[in-house]
Amino acid sequence: MRRFTVPILCALTLASASCRQAQPAQQTPPAGAAVTLPPIDGAAVLEHIKVLASDEYEGRAPGTKGEDLTVAYITDQLKQLGIKPGNTDGTYVQSVPLVGITVQQSPTLTFRKGASRQSLKWRDDYVAWTKRVVEKVSLDRSDLVFVGYGVQAPEFDWDDYKGADLKGKTMVVLVGDPPVKDPANPDALDPNVFEGRAMTYYGRWTYKYEMGAKLGAAGVLIVHETGPAGYPFAVVQGKTAEQFDLVRPDKNMGRAAVEGWITLDQAKELFATAGQDYDALKKQAVTREFKPVPLGVSASVTLANAIRTIDSRNVVGKLDGSDPKLKDEYVIYTAHWDHFGVGVPVNGDRIYHGAQDNASGVGGVIEIARAFTKLPMPPRRSILFLFVTAEEQGLLGSGYYAMSPIYPLARTAAVINIDGMNLHGRTRDLEIVGLGLSDLDDYMQKAAAEQGRIVKPDQEPEKGGYFRSDHFPFAKEGTPAINAGGGIDYIDRPVDYGRKVRDAYTANDYHKPSDTIRPDWDLSGAVQDLGLYLTVGYRVAQAEKMPEWKSGARWKARRDEQLKGAAGK
Ligand SMILES: [Zn+2]
């Protein structure tokens, strides 16, 4: 256990009115004064994980007994800490209406060209679902069209569609951004197109399905490749279980009827049947001249759906700020409580425990809440502890909050999200996904430096980490948000230890039943990181001004609109 000494922020020692006058800039403290933020207890974090990842909690799927137990557990913890109900209706929960759709009977997907026929086996060769809230959807000999990366990006002068009519057709699309080579260095990607090595939103699978909907396609099939996707096909196979979405007025009828993934092997076979060379077409797809290629092959499949609607829940607690004016502004800590529930067994285990993902983050936020309650005086702004549902289903709980916030987003100073803690010891570094987007990164840099740590940008920007957790729906709406990361350069460990641990987790345990508590876990790294997030949240809550996006950040304009709207009211 470590104690973090941070420079004092004046509300703790001075009357806040005079303090505010004396402190014009953000977070610059008077020299010499210091307050110790309460320490984080790693053993307490582990105790939370033990409960939440236990068999009894059945993998915490939305709409199950696991949800009831999880919501009750978190609520109970907040009550014990004296954290107030976070919803204005006096409860600790925000209802999140979800529809769950389960495909029945492992349907076969069939590609046909003349007499030749390619049958794709459910789960092994492809996965598919529908977002449409209907009992049955079909592709009936829908023409397959290869659309390359399926990107329409005017700012990069890029359009893979070239006006092609895709109505009723099925798009075959590559995952990721087009990997355009740097003309100055053939070993690197062009930093001026799709941000070089980093994945932009155009590379995300969610974007590909959104484009299919926009163009009226009947189906969208993404070719799975581990590198650009950022995870193996086994992770995609998780999507054969019940799929959730928010209940929307149009019942998602604007989406393509069938959305899914096919394996690389099946894609290559399909292209061969079509008389095309997959690798050659893939190469073409990296050029601006690429045009959609009708494959002369049709796709047929029928998905019969079991449908249910449920009210899932975000859990929310609130610590009132101490400043009469600033207490109506909020710093939000988020961590998703959900995981995949009970599903297809792997090595005999059917329960997807989600110990690291994200029982650890939930435990972490509960312990951050505890630390806040131990301060001699609450910070000036209010703090929300928001445990969101259905992250694994596409950021639905956080998306719902961002769409229907309990407290206005214009008065939300920052969102600090924790999704998976470091459980392998302390590090000398700290990776920040999307480094340089907002002032929050400066807070992180400063707090990390005080811990003697070096901040690095995301080492795997090609995986599009910034779009993959619950801070993102807030960022998309304009609120400065950060996915608090950990480090990879471990103290007292071999140089490649961090990389090895991370790669092993991605390959073996990520979104699998084996994401369980391990005897070799070392919570000191989680304690180090939680101390940092506590410091950052505390300082943001104390600062004169709310953090801002840096100029050039994609969501800055949205924030400006948001703040203008709030000022007009
Ligand atoms: Zn997660």
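Conventions adopted
Residues numbered from 1 in each chain as written. Predicted model: local features only at pLDDT ≥ 70, side-chain atom pairs only at ≥ 80, totals over all residues. Heavy atoms only, no water. Helix = DSSP H or I, 4+ residues; strand = E, 2+ residues; numbered from the N terminus. Rg over C-alpha atoms; globule rule 2.2 N^0.38 Å. Buried < 20%, exposed > 50% of the residue type's maximum accessible area, 1.4 Å probe, protein only. Contact = heavy atoms within 4.5 Å. Areas by Shrake-Rupley, 256 points an atom, 1.4 Å probe, with all protein chains shown as cover. Polar contact = N/O pair within 3.5 Å; in protein donor to acceptor, adjacent residues only side chain to side chain. Donors = N, O, S within 2.8 Å, 3.2 Å for Na, K, Ca; no water. Tetrahedral: all angles 85-135°; square planar, octahedral: opposite > 155°, others 65-115°. Axes fitted to C-alpha atoms, helices over the stretch in contact; angles between N-to-C directions. Parallel < 35°, antiparallel > 145°, perpendicular 65-115°, else oblique. Left-handed = near helix turned anticlockwise from the far one by under 90°. Nonpolar A, V, L, I, M, F, W, Y, C, P; charged D, E, K, R; others polar. Core = buried A, V, L, I, M, F, W, Y, C linked by side-chain atoms within 4.5 Å. Pairing = 2+ DSSP bridges. Salt bridge = Lys/Arg side-chain N within 4 Å of Asp/Glu carboxyl O.

A. The overall build of the protein chain, seen in detail. Broken down by element type, the protein chain carries 15 helices and 25 strands. Since a compact globule built from 569 residues should have a radius of gyration of about 25 Å, the 24 Å found for the protein chain is in line with a globular shape. With respect to the three principal axes, the spread of C-alpha positions in the protein chain is 80 × 55 × 55 Å. When each of the 569 residues of the protein chain is scored for burial, the buried share is 58%. Taking the intrachain contacts of the protein chain between residues at least 6 apart in sequence as the baseline, contacts between residues at least 24 apart amount to 83%. Carbon together with sulfur atoms contributes 52% to the accessible area of the protein chain, which is approximately 22,200 Å² in total.

B. Highlighting the side chain of Ser469. Counting through the fold element by element, Ser469 comes out in the loop between strand S24 (454-457) and helix H12 (472-476). Side-chain polar atoms of Ser469 contact the side chain of Asn417, separated by 2.8 Å. Residue contacts for Ser469: discarding those within four places in its chain leaves Glu391, Leu395, Asn417, Asp419 and Asn483.

C. Broad picture of the coordination of the zinc ion. Listed as protein donors to the zinc ion are His336 (NE2), Asp357 (OD), Asp419 (OD) and Asp419 (OD); their distances from the metal cover 1.9 to 2.6 Å. Coordination at the zinc ion comes from 4 donor atoms whose angles at the metal span 53 to 148°, giving a geometry best classed as irregular.

D. Main features of the environment of Val247. Considering the arrangement of structural elements, one finds Val247 in the loop between strand S15 (243-246) and strand S16 (258-263). Here Val247 falls in the partly exposed class, since its relative accessible area comes to 45%. Between the alpha carbons of Val247 and Pro97 there is a distance of 5.8 Å; along the sequence they are 150 residues apart. Each residue touching Val247, except ones within four places of it in the same chain, is listed here: Pro97, Leu98 and Val99.

E. Geometry of the packing of helix H3 (residues 65-81) against helix H9 (residues 355-373). Packing of H3 against H9 leaves a shortest axis separation of 10 Å and a crossing angle of 15°. Considering the angle they form, H3 stands roughly parallel to H9. As H3 runs across H9, the sense of the crossing is right-handed. Along the contact surface, H3 presents Tyr73, Ile74, Gln77 and Leu81, while H9 presents Val362, Ile366, Ala369, Arg370 and Thr373. A breakdown of the residues in the contact of H3 with H9 according to their chemical character gives 6 nonpolar, 2 polar and 1 charged.

F. Representation of the nonpolar core. One finds Phe146, Trp261 and Leu295 to be the most contacted residues of the largest nonpolar core, which totals 94 residues. Among the elements that take part in this core, strand S17 (residues 293-319) stands out by supplying 7 residues, more than any other. If we ignore the near neighbours within four places in the chain, the residues touching Phe146 are Val172, Leu174, Phe271, Leu281, Ala285, Phe290, Pro292, Val293 and Leu295. Ranked by size, the runner-up nonpolar core spans 63 residues in total, among them Tyr73, Ile418, Val455 and Ala541.

G. Summary view of the environment of Glu195. By the element assignment, Glu195 lies in the loop between strand S13 (185-189) and helix H4 (205-214). Separated by 336 residues in the primary sequence, Glu195 and Gly531 have C-alpha atoms spaced 32 Å apart. Setting aside residues no more than four positions away along its own chain, Glu195 makes contact with Asp190 and Thr200.

H. Main features of the pairing of strand S7 (residues 126-129). Both faces of S7 are covered, namely the face carrying Tyr126 and Ala128 and the face carrying Val127 and Trp129. In terms of strand pairing, S7 meets S16 through 4 bridges, oriented antiparallel. Its bridge partner lying in S16, Tyr126 is registered against Ile262.

I. Quick look at the pattern of salt bridges. One pass over the full model with this rule turns up 27 salt bridges. For Lys500, the salt bridge is made with Asp496, and the minimal N-O distance between the two is 3.2 Å. Given a relative accessible area of 55%, Lys500 falls into the exposed group. The partly exposed category is assigned to Asp496, whose relative accessible area is 36%. Residues joined by salt bridges that share partners form a network here, namely Glu67, Asp68 and Arg313.

J. A look at the pairing of strand S14 (residues 219-224). With 6 of 6 residues buried, S14 lies mostly within the body of the structure. With burial as the criterion, each face of S14 is covered, one bearing Gly219, Leu221 and Val223 and the other bearing Val220, Ile222 and His224. Pairing between strand S11 (residues 170-174) and S14: 5 bridges, direction parallel. Residue pairing for S14: Thr170 is matched across the bridge by Gly219. For S14 and S16, the ladder comprises 6 bridges, and the chain directions are parallel. Within S16, the residue paired with Gly219 across the bridge is Val258.

K. Geometry of the packing of helix H2 (residues 42-52) against H9. Their axes nearest at 8 Å, the elements H2 and H9 cross at an angle of 135°. Put simply, H2 runs oblique to H9. Where H2 crosses over H9, the handedness of that crossing is right-handed. Listed contacts from H9 to Ala44, Val45, His48, Ile49 and Leu52 of H2 are Ala355, Ala359, Ser360, Val362, Gly363, Gly364, Ile366, Glu367 and Arg370. Per-class residue counts for the contact of H2 with H9 are 8 nonpolar, 4 polar and 2 charged.

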